[in-house]
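In case you want the letters, here they are:
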Amino acid sequence: MQRRHFLAAAGLAAAPGSLAAARRDFPWADREVYLNCATEHPLPLPAARAMEDYVRAITYGPDKDRARFEGAEIQNRVRDRFAALIGAKPLEVGFVPATQIAENLIVDGLEIAKDGANIVTNDLHYGGSLLNYNRRIEQGLDVRIVKSRDGRIDLRDVERAVDRKTRLIAVALVSNVNGFVEDAPALSKLAHAHGGYLYTDVIQAAGAVPIDVHAMGIDFLACSAYKWLMGGRFGYLYVREDLQGGAMKVKHFGGRSGQPGAGRYQVSTASHVGCACQDEALAYIARLGVENIQKHNQGLHARLRREMPALGFRCLTPEDSPAPISTFQVPDVQKVTDRLRKARVIVTLRGDGQMRVSPSVFNHQGDLDVFLNALS
Ligand SMILES: Cc1ncc(COP(=O)(O)O)c(C=O)c1O
């Protein structure tokens, strides 16, 4: 490889803090071709260092060092950074341990069962959430699961499922199954027209596609940070200001209840190590810019969606999807598993014959060369 190309591929010729230099911040990218960020995103070095600093503080002390990581200042900063990322007001954001816990808090807080109301979701929502809804169906809750057609949810099917007793439309904004992106403004309009609300799980969206909760009409939102928010077992809950405590009641209580805003739904102390990680990870994402991240990722997905079908892998992701995920049908899972293992390429291969590929800011076309060559 020419020196110029080598430097560009390694990001060594690029300005520090720029997207072109991002590879330097992810040492994992040097060890294997990691195309699996929809499962877990590697940590950027600044976030890893923040976690190390915290671990050092609680390992060696002195006690005053803990304040930097456990005090209100860092928590307010992280809350403000996440609020800015999704276009919310700071007091519309609270901390939760993880996405699915937040979804349970919302469903419980809306007292849907008590009022004989219903929930409308769909089969491109996360499997764990569908498990939750199926259990609630067994307990007598009216939950309507709209079926996808050809990898998409047709708004007309949702319209048929919604009625005046619909309290919540619950979806993954970006589907982990195939990267389908929901039309949040249309779903919000539909929910509101029937006196209901819109919840979006944004774990496959936040940090990778632009989100503006107010412009998109999102009433409730949640995510964990270990995917496109680049790390930390840490989670966020957004609740529209005027729904806090009224439409969405506080149903679970603990030492952290009674905080202002969406913080009222936080039951326990948030993870300090997760908060330290997010402090740096969110700053890192803000420096790169979500639009730039999305543009970079779309460049990689355009090639994958164009070249994979010619190699015999049908694309299951809607062609126009701006999501950071491409999913393909795999005719022979064992053969592909063996080839990718040999080439040290990491993707998600599912038993149902589907392969999900999810590169990020540290990947470049050279990684796709390795991946596509392994499959050729
Ligand atoms: C769309 C979606 N929602 C939720 C989850 C799990 O979220 P958590 O572990 O934060 O509850 C995943 C994990 O893969 C996911 O892809």
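Description of the structure in this document. Being a predicted model, the structure only gives us computed values, none of them experimental. (Residues numbered from 1 in each chain as written. Predicted model: local features only at pLDDT ≥ 70, side-chain atom pairs only at ≥ 80, totals over all residues. Heavy atoms only, no water.)

### Concerning the packing of aromatic side chains
Next up, step 1: Summed over all chains, the structure comprises nine aromatic pairs.
Next up, step 2: For the pair Phe95 and Phe234, a centre-to-centre distance of 4.9 Å together with 55 degrees between the ring planes defines the contact as tilted. You can see Phe95 sitting in strand E2 (residues 93-96) and its partner Phe234 sitting in the loop between strand E7 (220-224) and strand E8 (235-239), a full 139 residues away along the chain.
Next up, step 3: Over the aromatic face of Tyr226 sits the side chain of Arg233, whose NZ or CZ is 3.7 Å from the ring centroid. (Phe/Tyr/Trp six-rings, centres within 6.5 Å; stacked < 30°, edge-to-face > 60°. Helix = DSSP H or I, 4+ residues; strand = E, 2+ residues; numbered from the N terminus. Lys NZ or Arg CZ within 6 Å of the ring centre and 35° of its normal.)

### A closer look at the nonpolar core
Next up, step 1: Counting 73 residues, the largest nonpolar core has Phe82, Ile169, Ile211, Leu229 and Tyr236 as its most contacted members.
Next up, step 2: Broken down by element, the residue count for this core peaks at eight residues, all from helix H10 (residues 272-288).
Next up, step 3: Here this core spans two domains, and each of domain 1 (3-43 + 289-375) and domain 2 (57-285) adds at least three residues to it.
Next up, step 4: Tyr133, Leu141, Leu168 and Tyr197 belong to the second-largest nonpolar core, a separate cluster that totals 24 residues. (Core = buried A, V, L, I, M, F, W, Y, C linked by side-chain atoms within 4.5 Å. Buried < 20%, exposed > 50% of the residue type's maximum accessible area, 1.4 Å probe, protein only. Domains from an automatic or database assignment.)

### Focus: unusual backbone geometry
Next up, step 1: In this structure, Pro62 follows Gly61 across a cis peptide bond, with omega equal to 0 degrees.
Next up, step 2: Inspection of the secondary structure puts Pro62 in the loop between helix H2 (45-60) and helix H3 (66-70).
Next up, step 3: Even without being a glycine, Glu111 presents a positive backbone phi close to 50 degrees.
Next up, step 4: Summarising the element assignment, Glu111 is placed in the loop between helix H5 (99-109) and strand E3 (118-122).

### Quick word on the pattern of salt bridges
Next up, step 1: Enumeration according to the criterion identifies 29 salt bridges in this entry.
Next up, step 2: One salt bridge connects Asp63 with Arg66, and the closest N-O pair in it is separated by 2.7 Å.
Next up, step 3: Its relative accessible area of 54% is what places Asp63 among the exposed residues.
Next up, step 4: Measuring nitrogen to oxygen at the nearest pair gives 2.7 Å for the salt bridge that ties Arg77 to Asp279. Of this pair, Arg77 sits in helix H4 (residues 72-86) while Asp279 sits in helix H10, and the two are 202 residues apart along the sequence.
Next up, step 5: Here Arg77 falls in the partly exposed class, since its relative accessible area comes to 31%. (Salt bridge = Lys/Arg side-chain N within 4 Å of Asp/Glu carboxyl O.)

### Things to note about the site of the ligand
Next up, step 1: Looking at the ligand, the residues that line it are Ala98, Thr99, Gln100, Tyr126, Asn176, Asp201, Ile203, Gln204, Ser224, Tyr226 and Lys227.
Next up, step 2: A distance of 2.5 Å separates a nitrogen atom of the ligand from a polar atom in the side chain of Asp201.
Next up, step 3: In the model, an oxygen atom of the ligand is placed 2.6 Å from a nitrogen or oxygen of the Tyr226 side chain.
Next up, step 4: Protein chains bury 90% of the 400 Å² of accessible surface belonging to the ligand in isolation. (Near = heavy atom within 4 Å. Polar contact = N/O pair within 3.5 Å; in protein donor to acceptor, adjacent residues only side chain to side chain. Areas by Shrake-Rupley, 256 points an atom, 1.4 Å probe, with all protein chains shown as cover.)

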